[in-house]
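# Observations on the three-dimensional arrangement
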Amino acid sequence: MNGFEIRYGPEVDAARRSGAPIVALESTIISHGLPRPDNLRIAREIEDTVRAQGAVPATIGMVDGELIVGLDDAQLTRLATSDDVVKLSVRDLAIAAATGANGATTVASTSAVAAAARIEVFATGGLGGVHRLASESFDESADLVTLARTPVCVVSAGVKSILDVGATLERLETLGVGVLGYRTKRFPGFYLSDSGFPLDWSVDSPEQVARAIHARRGHRASQGALVVANPLPVSEQLDPALHDQVLTEALHEMKLHGVTGKGVTPFLLAYFHEHTLGASLDVNIRIILRNSELAAQIAVAAGR
């Protein structure tokens, strides 16, 4: 023991001991993805959504350098309200722990920690991916390479529509990451129910997803993730015309201000929030709650 082991919250620790189904949850959406003070309320609502389906929520984050799977309410509050919380990808975990940082885990690091904790199902909003103009900038989310080597089932609403969706799907294929549509054969685009790209595989129930998880485990032929693409109903998506207009404006403003690298996604998301008068935020919240519900149903089915 060197003092840097993963610590489990009491609820998650009890679930691990009893074999109860567990759903991993990221903390970046709490610290950086949602505005205060709504972020804390929604974080609690996400966890309650998982519990309502019979699973145990395991929100992952770092407090004073300690990596915790299953933040308690005080720790959740701290990450939701503190100004010193940094975004932690996989490469940052050890450094942040060594320096005693407070950190929120991204899709990549949450996936990696969940796998280390033997948690097979993870709910998030949207995945990162290949950025527009990546052929010039080589800007690609660490989510993709992490999912290529991390055996988790990730429930998401596809990838953010501000990215190059087609290139992201090509990279997922190259990296050996399975993509499965939930009651759809069209890949969702986060704010939009249909990104414009087809999917090869589709299922209609949590039980079918659970069978795919069991098959991967039984075959031992792949260490890659299984992405379950769960689109919003068309009636709940962001208005497509508004989406396209705001995206065009946002990309123009981004170029005008010279925003690059890590600043791209936060800039575009903030622009969407402001220029859709909060409608994009409402969509974001619906997405994470629906994905948390489905992830819990999958975890319960996989545990039977």
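All values reported here derive from a predicted model rather than from experimental measurement.

### Let's talk about the overall build of the chain
Secondary structure summary: the chain contains 13 helices and 13 strands in total. Considering the chain as a whole, with its 304 residues, one finds that 53% of them fall into the buried category. Contacts in the chain between residues at least 24 apart in sequence constitute 73% of all its contacts with a sequence separation of at least 6. Accessible surface, the chain as shown: approximately 13700 Å² in total, 53% of it carbon and sulfur.

### Focus: unusual backbone geometry
Following Arg 36, the chain continues to Pro 37 via a peptide bond in cis, the omega torsion being -5 degrees. When you line up the elements, Pro 37 lands in the loop between α2 (28–33) and α3 (38–52). In this structure, Arg 118 is a non-glycine residue whose phi angle is positive, near 60 degrees. Following the sequence through the fold, Arg 118 ends up in the loop between α6 (107–116) and β7 (121–123). A residue is classified by how much of its surface remains accessible, and Arg 118, at 77% relative accessible area, is exposed.

### With respect to the packing of aromatic side chains
Overall, the coordinates contain three aromatic pairs when judged by the stated rule. Put simply, the rings of Phe 190, Tyr 191 and Phe 272 pair up and form one aromatic cluster. A cation over an aromatic ring shows up here: Arg 16 above the ring of Tyr 8, its NZ or CZ 3.9 Å from the ring centre. Positioned above the aromatic ring of Phe 190 is the side chain of Lys 160, whose terminal nitrogen or guanidinium carbon lies 5.6 Å from the ring centre.

### Points about the nonpolar core
Counting 57 residues, the largest nonpolar core has Val 69, Ile 119 and Phe 187 as the members making the most contacts within it. Excluding anything up to four places from it in sequence, Val 69 contacts Ile 6, Arg 7, Tyr 8, Gly 9, Val 12, Ala 58, Thr 59, Ile 60, Val 113, Ala 117 and Ile 119. Formed by 40 residues, the second largest nonpolar core is a distinct cluster that contains Val 63, Val 121, Val 228 and Ala 296.

### Remarks on the pairing of strand β2 (residues 22–25)
Residues of β2 alternate between two faces, with Ile 22 and Ala 24 on one and Val 23 and Leu 25 on the opposite face, all of them buried. Where β2 meets strand β3 (residues 56–63), four bridges bridge the pair, whose relative direction is parallel. From the neighbouring strand, Val 23 faces β3, where its bridge partner is Pro 57. In this sheet, β7 lies alongside β2 in parallel orientation, the contact comprising three bridges. Bridging from a neighbouring strand, Leu 25 pairs with Ala 123 of β7.

### Some points on the pairing of strand β13 (residues 226–229)
Residues Leu 226 and Val 228 point to one face of β13 and Val 227 and Ala 229 to the other, with burial holding for every one of them. Note: strand β8 (residues 153–156) against β13, four bridges, orientation parallel. In the strand pairing of β13, Val 155 is matched with Val 228. Note that strand β9 (residues 178–182) and β13 share four bridges and pair parallel. Paired with Gly 178 across the two strands is Leu 226, which belongs to β13.

### Quick word on the packing of helix α10 (residues 206–219) against helix α13 (residues 279–303)
With their axes 8 Å apart at the nearest point, α10 and α13 run at an angle of 60 degrees to one another. One finds that α10 runs oblique with respect to α13. Crossing of α10 against α13: the hand is right-handed. Contact residues: Pro 206, Glu 207, Val 209, Ala 210, Ile 213 and His 214 in α10; Leu 294, Gln 297, Ile 298, Ala 301 and Ala 302 in α13.

What counts, and at which threshold
- Residues numbered from 1 in each chain as written.
- Predicted model: local features only at pLDDT ≥ 70, side-chain atom pairs only at ≥ 80, totals over all residues.
- Heavy atoms only, no water.
- Helix = DSSP H or I, 4+ residues; strand = E, 2+ residues; numbered from the N terminus.
- Buried < 20%, exposed > 50% of the residue type's maximum accessible area, 1.4 Å probe, protein only.
- Contact = heavy atoms within 4.5 Å.
- Areas by Shrake-Rupley, 256 points an atom, 1.4 Å probe, with all protein chains shown as cover.
- Phe/Tyr/Trp six-rings, centres within 6.5 Å; stacked < 30°, edge-to-face > 60°.
- Lys NZ or Arg CZ within 6 Å of the ring centre and 35° of its normal.
- Core = buried A, V, L, I, M, F, W, Y, C linked by side-chain atoms within 4.5 Å.
- Pairing = 2+ DSSP bridges.
- Axes fitted to C-alpha atoms, helices over the stretch in contact; angles between N-to-C directions.
- Parallel < 35°, antiparallel > 145°, perpendicular 65-115°, else oblique.
- Left-handed = near helix turned anticlockwise from the far one by under 90°.

That is the geometry; function is a separate question.
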